Amino acid sequence: MSSAEDRPEPDRIEGAPHPRETPHLLGQDAAEAAFLTAYTSGRLHHGWLITGPRGVGKATMAWRIARFLIATPMDEGDGLFGAPPPPETLDIAPDHPVARRVQAGAEPGLFLLRRGGMGTSDKDREKNAADGKFSKVIRVDETRQMKGFFSLSSADGGRRVVIIDSADDLNESAANAILKLMEEPPARTVLLLISHQPSRLLPTIRSRCRELRLTPMSPDLITDALAQAEIEVPGDPAALAELAGGSVGEAVRMVTLDGLKIYAGLVGLLATMPRFDAARAQALADLAAGRGGEETRALIYHLIDFALARLARTGAIGQPPAQEAAPGEAEMLMRLSPSPAMGRAWATGAEEIGARLRHGEAVNLDPAALILDTVFKLQTIAGGQAA
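To keep things clear, this report deals only with the structure shown in the data block. Small disclaimer: the values here were computed from a predicted structure and weren't measured.

### Notes on the packing of aromatic side chains
Considering all chains together, one arrives at five aromatic pairs under this definition. Relative to Phe 68, the ring of Tyr 39 has its centre 4.9 Å away and its plane inclined at 75°; by these criteria the two rings are edge-to-face. Here Tyr 39 is found in helix H1 (residues 29-40), whereas its partner Phe 68 is found in helix H2 (residues 58-71), with 29 residues between them in sequence. When sorted by exposure, Tyr 39 lands in the same class as Phe 68, which is buried. Here a set of aromatic residues connected by ring pairs shows up, and it is made of Phe 111, Phe 149 and Phe 150. Lying across the ring of Trp 63, Arg 20 places its NZ or CZ 6.0 Å from the centre.

### Quick notes on the pairing of strand S2 (residues 110-113)
Where burial is concerned, the two faces of S2 agree: the one with Leu 110 and Leu 112 and the one with Phe 111 and Leu 113 are both buried. Of the pairings in the sheet, the one linking S2 to strand S3 (residues 160-165) comprises four bridges and is parallel in character. The residue of S3 that forms the bridge with Leu 112 is Ile 163.

### Remarks on the pattern of salt bridges
According to the stated counting rule, one finds 14 salt bridges in the structure shown. Its salt-bridge partner being Glu 329, residue Arg 310 comes within 2.7 Å of it at the nearest N-O pair. Here Arg 310 is found in helix H13 (residues 294-317), whereas its partner Glu 329 is found in helix H14 (residues 329-336), with 19 residues between them in sequence. Accessibility classification places Arg 310 together with Glu 329 in one group, the buried group. The shortest N-O distance in the salt bridge between Arg 356 and Asp 373 comes to 3.2 Å. With a gap of 17 residues between them, Arg 356 in helix H15 (residues 340-362) and Asp 373 in helix H16 (residues 367-382) connect regions that are remote in the sequence. The class of Arg 356 is partly exposed, set by a relative accessible area of 38%. Via salt bridges that share partners, Glu 32, Arg 64 and Asp 91 belong to a single interconnected network.

Reading guide: rules and limits
- Residues numbered from 1 in each chain as written.
- Predicted model: local features only at pLDDT ≥ 70, side-chain atom pairs only at ≥ 80, totals over all residues.
- Heavy atoms only, no water.
- Phe/Tyr/Trp six-rings, centres within 6.5 Å; stacked < 30°, edge-to-face > 60°.
- Helix = DSSP H or I, 4+ residues; strand = E, 2+ residues; numbered from the N terminus.
- Buried < 20%, exposed > 50% of the residue type's maximum accessible area, 1.4 Å probe, protein only.
- Lys NZ or Arg CZ within 6 Å of the ring centre and 35° of its normal.
- Pairing = 2+ DSSP bridges.
- Salt bridge = Lys/Arg side-chain N within 4 Å of Asp/Glu carboxyl O.

Function cannot be inferred from these measures alone, as they are strictly geometric.
Encoded structure:
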């Protein structure tokens, strides 16, 4: 495993510690217990598919499992007569040699497979990775590095662990290489595949894994997780949790990019419809067009989609969500989507607006113009007219 220096990493959430640096995983006791049960049975599966929504701790779980498997002797807790009592937690002391090596990115029994730098040559890929310019997929070139890992780590006789973060990023050739590895897994090796959308993986890969599903987190647990990462929650923790969909990773993004404030502004803009506040609309457009604001722009598009989904749901069921994600949201939702017919109109509008935003981003349309066009579309729907 390469050294984990302080450099850009494709699997790190901006503003939060890397998953290998997170000492505890909150809210996923059931998943941890399921893995420990399999471990103590003496029939530990060689492939684990760790699934669940983005940001709920899948990568943190993978790193916890990796530390545990490498640090725990192979004859301990595997159901053998006379073995010590089975472990009740995946915790490994921070001062344990394995924990220290994992933290430093120097554990020989662990291989992290993730996206590499952009480029066609090794030199270009290395330089681009150091500059934070990563490929959009995991290529077969990255998977071939595992051959050296298996040959170098085979002499010590301990377990070897491969973390794939994420399996969703595997291109076709890389996915087939992983499939071949799973069909003939090396001895004493466990593969941990992190996936946000397991249905998109090769069925043959899914069938060779045992699934470990993580669930969304409550507002209290999200607050605790942010406190563990030394991130202060601005505003109402319950609103943040609602906006983040029970995802700690998404909550970090909301805090880092001021998502609560942006969504409150969007709700305020919607509340003025079918007339709308031109100053609010222009402020949102200017924010999306800010220099170097790709992440903020992506968040704005996400929040527009979030608001539209809540409008559609409110009309369908006749009431707003129990928890507001911004002050005044419930009143706005009920006024703009008071009936199933309006709920359907907002659902249709969500599809059209989402497609427009994705297309506009793909062809590099002016972000400010794209947002203003979206506002006019929202005004049309709010006025009850056919789009």
